[in-house]
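Descriptive structure summary
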Amino acid sequence: MEKLTLEDIAVKYFKDRMTYAEIGSQYNMSKQAVNLRVQNQREYFNTLGELFLIDAETQNEKMRIRRIIYRISQEELAKKVGTVKSHICNIENGKIKTSKYIPEMCKVLDLPTE
C-alpha cells in the first residue's frame, strides 16, 4: 500500500471533503493516525489549505476551507455570528446561497464578501 502524505490528506480533506476517518480507511489507518500526521505538521497543512482557498470557485467553499484552517467548528462559527450549526452547514454545502449571516461569517473568517 502506498504511503499517505500530508499533501494526499490535504487534497482529500479540503478538495474531496473526506473526513479523517474516511481517509484513514483508504490507507488502513485510524482516524487518530491521520489526525496525528496533520497535527505534527499543522502549519504546512494550513498552507496547503490556503492554496485550495485560492482555487475555490464559490464563496461557500472558501468559507469552509478558511474555517478549517482557523480550526473553528461549525458550532463555534454559528455562535459567533448568531445562528445555529445546521445553518452554517447548509451554507457551506451550498444549500443556502444567500443569508444575512454570510457577511458576518466572512468577517470572522477574514474573507471578502462577494
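Please refer to the structure placed before this passage.
Before going into details, it helps to say that this report is about the structure given with it. Keep in mind it's a predicted model, so treat the numbers as computed, not measured.

Overview of the pattern of salt bridges
The tally for this structure, following the rule as stated, stands at three salt bridges. The residue Lys 79 makes a salt bridge to Glu 75 at a minimum N-O spacing of 3.7 Å. Here Glu 75 and Lys 79 lie together in helix 6 (residues 74–81), a separation of four residues that amounts to about one turn. Classification of Glu 75 by relative accessible area gives partly exposed; the value is 45%.

Examining the side chain of Arg 66
Looking at the secondary structure, you find Arg 66 in helix 5 (residues 59–69). You can call Arg 66 buried: its relative accessible area is 9%. A polar atom in the side chain of Arg 66 sits 3.0 Å from the backbone oxygen of Asp 110. If we ignore the near neighbours within four places in the chain, the residues touching Arg 66 are Glu 50, Leu 53, Leu 109, Asp 110 and Leu 111.

Section: unusual backbone geometry
Phi at Arg 17 takes a positive value of approximately 60°, unusual for a residue other than glycine. Looking at where Arg 17 falls in the secondary structure, it is placed in the loop between helix 1 (6–15) and helix 2 (20–26). When its relative accessible area of 37% is taken as the criterion, Arg 17 is described as partly exposed. One non-glycine residue with positive phi stands out, namely Asp 110, at about 55°. Looking at the secondary structure, you find Asp 110 in the segment after helix 8 (102–108).

Rules used in this analysis
- Residues numbered from 1 in each chain as written.
- Predicted model: local features only at pLDDT ≥ 70, side-chain atom pairs only at ≥ 80, totals over all residues.
- Heavy atoms only, no water.
- Salt bridge = Lys/Arg side-chain N within 4 Å of Asp/Glu carboxyl O.
- Helix = DSSP H or I, 4+ residues; strand = E, 2+ residues; numbered from the N terminus.
- Buried < 20%, exposed > 50% of the residue type's maximum accessible area, 1.4 Å probe, protein only.
- Polar contact = N/O pair within 3.5 Å; in protein donor to acceptor, adjacent residues only side chain to side chain.
- Contact = heavy atoms within 4.5 Å.

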